[in-house]
Every structure is written in structure tokens, then in C-alpha cells.
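Take a look at the letters that make up each chain.
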Amino acid sequence: MLCLGQAPKRYWDSQAEAGSKGAGEGQVTERANQRPEKTRRKKIERRGKKLISGKVDPFPGPAPVPKERRQKFERGQKNEVRSLSKGRLKDRLSKTEEKIDLALNQAARSDLLLAEEAGFLVGDEGEDTCTIAQDDIAEAVDITSGAKYFNLSLSQFGPYRIDYTRNGRHLLLGGRLGHVASLDWQSKQLQSEMNVMESVNDVRRVLEGETWLHSENMFAVAQRKWLYIYDNQGVELHCVKKFNDVLRMEFLPYHFLLATASSTGFLQYLDVSVGREVSAICTKNGRLDVMTQNQSNAVVHLGHPTGESETDGTLWSPNQKEPLVKMLCHRGGVRAIAVDKTGTYMVTSGLDRKMKVFDIRSFKPLASYLLPAGATSMTMSQRGLLATCCGDTVQVYKDVCSTPVSRPYMAHHAPGRVWGVQFCPYEDVLGIGHGDGFTSMLVPGAGEANFDALDSNPFRSVKQRQEWEVKALLDKIQPELITLQPSKLGELDTATYQQRHKERVERLGFDPREKEKFEPKLKMKGRSSTGSVQRRKKKIKNEDQRELIKQSLEMKDRADKERKKEEKMTSLGQRSALERFQK
């Protein structure tokens, strides 16, 4: 029967009442079930594991970085922070090491994104790559790469010497009869062009050399008498009369030093940031017309004709008046020198028509090759290719430092006698300056495929160039730090330190570093017996021994942790990436 005043019941009302009755019990049960799950999650999170869809991640934490990729970006050994006693210095060095380690990991990870790879020229079966002409290569490559092969006919003021900027964007040409031009060689846009109008002597070239300075806004020209510095519009900025009769120049970008070699046998260094002469060294080896630099340590390599000293190769630093190393490379003197990017190998060519490869670390010859004629100019690319010039022939060799070479990788005949060659940075291009002008030659695999935008950016704007110049000036390395082994700068000279300590002990009459012998103080009557004094001495001695044992145990634990960490990274690196999806 229906009750008056009450609404009729529907079938869904009964389901709602049943749900409301069991809601309280269900919430209590659900909360009870959630508590152990939440506790379990907290325990797992404390262990450093994360949950993916309710399951434990088999690969916790960030992906491990392979040790081989880290070694590519390492810059020396770590500092021993634990051995320091000063707390503030210890904290500062530990934070610095953490930043270095973070930057190292990020650089190794970002290296995966650099997909560009350097490729070399590969011929067909039975075809020699040195017989392939430049016209055939330009037709086979894309339009942008093919446009990089061109010739500039400048037969009126030649022969020419050339120089590229560090980012490989701009080109500087200097002719023997005074013609100087700077241009953006990729867009073929001329920046400045002039003739210095110097008098010409048959035995002395009017324009012996030219080089860019720290940016494309200034360049130096070694003219017949003095050294001149111009801006990118061809306006003369300075005439440095202390540097006279200059034949060769090299610019050290991280030190802002311009090194010059003169016909009078002087090696001079000019700091272009302040306009001051840093050093002037008389080499006592006569005319200096063979010069290059080691990019890894900024040491200057010079070549000489063999004289009374029986040395035709020397290595120099602005900090010493004597050469760092003297070498006898050839019979008859050195005509060309080239050093690879890493500063490990040096290649020389002499009047005996031989080309020799030296290991700079041990200063021993590794290989010797016989050339048709002595090379007058040599240069090495970022990828280790070697270009040599013999008359009007340019030959490029591949892997000349690591493996024996029987034939050249590529060859090209210039319209005139070659006076200077240089590889363009970050491009597969070899610039050739000859008597008939300039030739841009395509050499596949010569340039580095990826560039560091913070150091050498070919596409930087004016604002970026200004900021880079300010940062480079703040990070300028002092010339006193130029040495054969830059890694030794942060180490302690143990022999000198011990000698100084010995002299100090002789001067004072005692060793100030020696720990004072413990002498217990006499206490009140009845507590300073002989046995009590001996027990106190033994206690102090045991404390010292415990400290030494504690340090040795800490070192052992640290070594075990590093070993386990390396084993764990090795095991993780061997696992497949698809194993994380296994149930």
C-alpha cells in the first residue's frame, strides 16, 4: 500500500540507499588498504627507486654516460679535495668539481645530438682518388658545396699568401707586389681592398705575410720595412716600428699575442690587447722564414738552415731566451713545418726532399717519406689531413701520422707556383695562394663537422661577436703560462719544495713542520706516578695510530665505492634499452 504524503519509490532509490549504507565501511576499508601501499611507496622512494605505472623502474635515476664519451671532454685530473685542511677552500673546490662534473656529463649527453659526420672521398673499384679532378667533385656534390670551388685570377700582383679567420668565415689575401684584400669568401662579398704602394726589391718580398688578429675586424700586414695593423675597411690603425723586416707571423688567440719572425733572426711577441711588446728573442740562427704554432700549448716552432749549431728545428716560448727544444730534422735545413690540432705530431720537410713525422712527446721520428721535390709549404686540417706544396702541385695525404702512406689522398695542379696553403676551419676546403691568384679546392673530410658556438661561431651576429670579444679578453691567458706541458702548471714542484724546506730547517735550526713530542704535565700528588705517565703517553700514541688507520680505511672504502660504481655503470651500459619493457 502507498502511504499518503510520501513520494513513490523508484528502483534506483534502493540502489542509492544501499550504496550510502556501505559507503562508510568502504571508505574505512579503502583507507586501510591505502596505508600499507603509501608506506610501501615511501620506502621504495627512500631507496632511490621510482614507480612507473605502479611498478618499480628497473633503470632508476638518469641514464649513465659511457666512459668513452666522457673522456672526449675531460680536461685533466680531478683535485684531491679530501686532503685539504682549510674548510673554506675545500668547500669552494668541491663545488667547482661538481660544476665541472655536471658540465662534463651535459657535454657528453649533447654529443649524441651532433648527427653530422665527416665523410671522405671514396673511389670506385680500382680507381685512385688522387686522379679525380676538382670539376668532377664540384659536379657530384650539392650546389652549396660546389660553389665553394672557385678561382680568383689575380696575376698582376701575385704570388699570394692567405689566411682564414678562426671560424672559417672570412679570407685575407696578400700579394707580393702590395695587393691586400679581405672578403667573406662564402658569399663572395668584398670587405676591403687596397695596395700598400711599397717599393719593391728583387731579393726581398714587399709583402712577406699577413694574418688576422682575434676577430675579423683587424688584421696585420708585414710589409717591406715595418709591421702595420689595419681594420676590416682597410684603414691603417697602427704602424709598429719595433717590428721591422718581418717575414712570418702567427697569432695566439687565447693569449692575444702576435708572434713575428724577422730576417734578422729575431722572434718577437706583441700583445695586441694592450699594444705592448712582451718579448724579443735573438735566435742566433739567421733568417727566419719557416714558422708555425702548436695550438695545444701555444709554443712556436721555427725552421732553420743547418749551420754550425747542427740544429734545424727549435721550439720557443716568450718566457725564455733559449729554445725549449733543439732538433736535427733534415740534412740541409727545414723548409716547411706543420703541427696537428692535438699538438702530438709534427711534420717537417727539408732540402733533402724528405718529409718526416715526429712525435712531439718523445721528439723521435715515426716515419719518413721521399717527395718528388722539397715541400715549400705545409698545413694540417682539423681532421688530420696534411697538404704539401711542391712547385705548382698540391698533394693531400690522409692518416700520415698514424699509418704508413704510399700515395696521396688527393692532388691538384695550380695555375702558378704555390706560395701558401691553409685549410678552412669547419669546411672541407683548402685555400691555395699561387702566382696567378687564389684557388679554393674541395677536400672531402678535411673540416670538423660540428663547431663550438661559444668559441668559433661562423654565423654569429655583431652583438654575439662583441660579447665574445669581451669574454675572451677577460679569459686571456698570460704569456708566462706558455710551456711545453700545460698540464704541469697545477702540480707541485716537489724537488723545489723539499729543497726550500731543507734550507729553512738549516736557517732556523729546527723543523717547524715536525710534530712536538708529547710531554705529560705533572698533576696533583699521587696522580703523577711513573705508570700513570706511561699510560697517558700510550693513549696519545694510540690516538695517532687510530687516526692513520681511520684515514687508510676511508681511502679503501672510497676506492671500493668507485670500483662498484664503475661495475654498475658497465653492467647498465651492457643492458639493452628494450629490457625495461620486460614484465
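The structure this text deals with has already been given above.
What comes next concerns the included structure. In this text the structure is predicted, and so the values were computed from the model without any measurement.

Attention now moves to the overall build of the chain. Along its length, the chain carries nine helices and 30 strands. Split into buried and exposed, the 583 residues of the chain put 38% on the buried side. Counting only contacts in the chain whose residues sit at least 6 apart along the sequence, the fraction spanning at least 24 positions is 47%. Counting only carbon and sulfur atoms, one obtains 51% of the accessible surface of the chain, whose full area is about 36,900 Å².

Looking now at the environment of V290. With respect to the element layout, V290 can be found in strand β16 (residues 290-293). Here V290 is in contact with R248, H301, L302, G303, V334, R335, A336 and I337, once residues within four sequence places are set aside.

With that settled, consider the nonpolar core. Counting residues in hydrophobic clusters, the biggest one holds 33 residues, and the most contacted among them are Y164, L171, V396, M410, F423, L430 and V443. Going through the elements one at a time, α5 (134-140), β4 (160-164), β5 (170-175), β25 (386-390), β26 (393-397), β28 (418-423), β29 (429-434) and β30 (437-442) are the ones with two or more residues in this core. Of all hydrophobic cores here, the second largest spans 26 residues; its members include A259, A261, I281 and V334.

On to the packing of aromatic side chains, then. Under the counting rule described, the total for this entry stands at seven aromatic pairs. Taking 6.1 Å as the distance between ring centres and 75 degrees as the angle between the ring planes, the aromatic pair formed by Y164 and W185 counts as edge-to-face. Here Y164, found in strand β4, pairs with W185, found in the loop between β6 (179-184) and β7 (189-195); they are 21 residues apart in sequence, far enough to count as distant. Take Y164 and W185: they sit in the same class, and that class is buried. An aromatic cluster is present here, built from F219, Y228 and Y230 joined pairwise through their rings. In this arrangement the basic side chain of R166 is found over the ring face of Y254, its NZ or CZ atom lying 5.0 Å from the centre.

It is possible for side chains of opposite charge to pair when their charged atoms get near one another. The tally for this structure, following the rule as stated, stands at 14 salt bridges. The residue E277 makes a salt bridge to K242 at a minimum N-O spacing of 3.9 Å. Residue E277 is located in strand β15 (residues 276-282), and its partner K242 is located in strand β11 (residues 236-244); the two are separated by 35 residues in the primary sequence. Among the residues examined, E277 registers a relative accessible area of 23% and is labelled partly exposed.

Sheets are built from strands that pair by backbone hydrogen bonding, the pairs being arranged parallel or antiparallel. Here four strands make up an open sheet; going across it, the order is β16-β17-β18-β19 and the pairing antiparallel. One side of each edge strand has no neighbouring strand; the edge strands of this open sheet are β16 and β19 (325-327). The sheet shows a mean angle of 20 degrees between the axes of neighbouring strands, direction not considered. Pairing between strand β17 (residues 300-303) and strand β18 (residues 313-316): four bridges, direction antiparallel. Its bridge partner lying in β18, V300 is registered against W316.

For helix α7 (residues 462-474), with 13 residues, the first-to-last C-alpha span of 19 Å sits near the 18 Å given by 1.5 Å per residue. Those residues of α7 lying buried are R465, W468 and A472. Each buried residue of α7 sits inside an arc of 65 degrees when the element is viewed along its axis, so together they form one side. In α7, the exposed positions angled more than 90 degrees off the buried face are occupied by K463, V470, K471 and L474.

What counts, and where the lines are drawn
- Residues numbered from 1 in each chain as written.
- Predicted model: local features only at pLDDT ≥ 70, side-chain atom pairs only at ≥ 80, totals over all residues.
- Heavy atoms only, no water.
- Helix = DSSP H or I, 4+ residues; strand = E, 2+ residues; numbered from the N terminus.
- Buried < 20%, exposed > 50% of the residue type's maximum accessible area, 1.4 Å probe, protein only.
- Contact = heavy atoms within 4.5 Å.
- Areas by Shrake-Rupley, 256 points an atom, 1.4 Å probe, with all protein chains shown as cover.
- Core = buried A, V, L, I, M, F, W, Y, C linked by side-chain atoms within 4.5 Å.
- Phe/Tyr/Trp six-rings, centres within 6.5 Å; stacked < 30°, edge-to-face > 60°.
- Lys NZ or Arg CZ within 6 Å of the ring centre and 35° of its normal.
- Salt bridge = Lys/Arg side-chain N within 4 Å of Asp/Glu carboxyl O.
- Pairing = 2+ DSSP bridges.
- Axes fitted to C-alpha atoms, helices over the stretch in contact; angles between N-to-C directions.
- Expected span 1.5 Å × (residues − 1).
- Arc of directions from axis to C-beta.

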